[in-house]
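# Reading the structure
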Amino acid sequence: MTDSALIAKFAVRQGDDALVLGHRLSEWTSRSPFLEEDLALTNVALDFVGRARMFYQYAATLTGGDANEDTFAYTRDAREFSNLLICELPRGDFAFTICRQYLYDAFALPFMQALMKSSDQQLAAIAAKAEKETKYHVRRDTDWMLRLGDGTEESQGRMQKALDDLWGYTGELFDVDDVDRALIAEGIVPDVSLLRDQWLETVSDTIARANLELPQADWKAAGGRDGIHTESLGFLLAELQSVQRAYPGLKW
Amino acid sequence: MTDELQLYEVFIRSRRGLDHKHVGSLHADDPQQALEYARDVYTRRSEGVSIWVVASRDITASQESDCESFYDPLDDKPYRHASMYQMPEGVDSL
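Cut-offs applied
- Residues numbered from 1 in each chain as written.
- Chains lettered and ligands numbered in written order.
- Predicted model: local features only at pLDDT ≥ 70, side-chain atom pairs only at ≥ 80, totals over all residues.
- Helix = DSSP H or I, 4+ residues; strand = E, 2+ residues; numbered from the N terminus.
- Rg over C-alpha atoms; globule rule 2.2 N^0.38 Å.
- Buried ≥ 20, exposed ≤ 12 C-beta atoms within 10 Å, placed from the backbone.
- Contact = placed C-beta atoms within 7 Å.
- Core = buried A, V, L, I, M, F, W, Y, C linked by C-beta atoms within 7 Å.
- Pairing = 2+ DSSP bridges.
- Axes fitted to C-alpha atoms, helices over the stretch in contact; angles between N-to-C directions.
- Nonpolar A, V, L, I, M, F, W, Y, C, P; charged D, E, K, R; others polar.
- Expected span 1.5 Å × (residues − 1).

Going by an unreviewed UniProt entry, chain B carries the name Phenylacetate-CoA oxygenase, PaaH subunit and comes from Luminiphilus syltensis NOR5-1B.

As annotated in an unreviewed UniProt entry, chain A carries the name Phenylacetate-CoA oxygenase, PaaI subunit and is attributed to Luminiphilus syltensis NOR5-1B.

## Some thoughts on the overall build of chain A
When its secondary structure is counted, chain A shows 11 helices and 0 strands. Starting at the N terminus and walking to the C terminus, you meet the elements of chain A as α-α-α-α-α-α-α-α-α-α-α. Computed over C-alpha atoms, the radius of gyration of chain A comes to 18 Å, within 12% of the 18 Å expected from 2.2 N^0.38 for 252 residues, which places it in the range of a compact globule. Principal-axis analysis of the C-alpha atoms places the extent of chain A at approximately 55 × 45 × 30 Å. In chain A, which comprises 252 residues, the share counted as buried stands at 43%. Taking contacts inside chain A between residues at least 6 apart in sequence as the whole, the part at least 24 apart equals 75%.

## Describing the nonpolar core
All names here are of chain A. Of all hydrophobic cores here, the largest spans 81 residues; its most connected members are Phe55, Ala59 and Cys99. Per-element tally for this core: the top contributor is helix α5 (residues 94–115), with 14 residues. Once you skip the residues sitting within four places of it in the chain, Ala59 turns out to touch Ala8, Ala11, Val12, Gly15 and Phe72.

## Examining the pairing of strand β1 (residues 6–13) of chain B
All names here are of chain B. Pairing of β1 with strand β2 (residues 21–28) involves 7 bridges; the strand directions are antiparallel. Note on β2: the bridge partner recorded for Tyr8 is Leu26. In the sheet, β1 pairs with strand β3 (residues 50–55) via 6 bridges, with the strands oriented antiparallel. Across the sheet, the residue bridging to Val10 is Val53, located in β3.

## Remarks on the sheet that holds β2 of chain B
Residues and elements named next belong to chain B. With antiparallel pairing, the 3 strands of this open sheet are ordered in space as β2-β1-β3. Bordering the open sheet on either side are β2 and β3, each of which pairs with just one other strand. If you compare each strand with its neighbour and ignore which way they point, the axes differ by 30° on average.

## Thoughts on the interface of chain B and chain A
Taken together, the contacts link 12 residues of chain B with 11 residues of chain A. Counting only elements with at least two residues in the side of chain B that touches chain A, the list comes to β2 and α1 (31–42) of chain B. The biggest single contributor to the side of chain B that touches chain A is α1 of chain B, with 5 residues. Here the residues of the side of chain B that touches chain A sort into 6 nonpolar, 2 polar and 4 charged.

## Points about α1 of chain B
Side chains of residues three or four places apart in an α-helix project in the same direction, reflecting 3.6 residues per turn. Between its first and last C-alpha, α1 of chain B extends 15 Å over 12 residues, near the 16 Å set by a 1.5 Å rise per residue. For α1 of chain B, every residue scored as buried is listed here: Gln33, Ala34, Glu36, Tyr37, Ala38, Asp40 and Val41 of chain B. Buried residues along α1 of chain B sit in contact with α2 (35–63) and α6 (121–149) of chain A together with β1, β2 and β3 of chain B.

## A few points about the environment of Cys99 of chain A
Mapped onto the elements of the fold, Cys99 of chain A is located in helix α5. Residue contacts for Cys99 of chain A: discarding those within four places in its chain leaves Met159, Ala162, Leu163 and Leu166 of chain A.

## A few points about unusual backbone geometry
Residue and element names in this part refer to chain A. With phi around 75°, Ser30 is a residue other than glycine that occupies positive phi space. With respect to the helices and strands, the residue Ser30 is situated in the loop between α1 (3–26) and α2. Given 8 C-beta atoms within a 10 Å radius, Ser30 is considered exposed. Positive phi, normally seen in glycine, also occurs at Asn211, with a value near 65°.

Okay, structure coming up:
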């Protein structure tokens, strides 16, 4: 693959993570625990959808032809989506949503900071915008981790369960494949496998402060980057893409 | 996390404003969370560059019934207003 094809693939992967996670967050609209949190979660969802657009638009520029942000979002099937599995898991209860968000954002912060140094100007610019948002997301997530973990017996139990259920999906955040290796070698993308120690340190600290226990998962999910997904992604896409599937090419 | 969320009043200073203006209220568990929600609820369209939140219960407010003793005595003291003065030439606003 040429460099631009590799970068396009990387951008689509990042776009997929952001779109799928953003969609999961958007599912809370009007269903959050209370009004203020409803607006806050919706804001975060919009940050992610906005991030997806930036990555898709860049991927479309590199791909050329008829590709645009909408073709990436609306006309690919689950098998062609390359998001990490942790992003697609059903939203669960509020503790699960917050926990997933925290585990992902705690990774996204050092990741975007590293991507800001990319030799590719466009990727660096997208990362700079995402990094600002992520700082706020991490602050919010951490706050909720502490509130729920160090809260009532009920909230602590739910948060611990969420953490245990999610832990096996976090390994995939740090997986590196041939596409990554080629781009890492050229200084275009950071090596995510090197971010694990920092992530684990941050996450362990929060987990301890939140009165929760660090899970010891003996399994690790993988396959998202290759389009091997859990059954829930298909249902998510069915909803996300329903209008474009029913009326192909429809303009808003 | 307490069972009951507290009410907070939100004040925002806009980009070009000199003072914080009351914009509304919201519910939160503590002042820190109130600040974050104020950001999400009241500054979605870049309305401000600085936020204050104050627990509503900490505000001491005048009552409707105070009006008579507070404000009515001022009605017959027009000399406290500058409206009697002629504006000097060249002064646009006083």
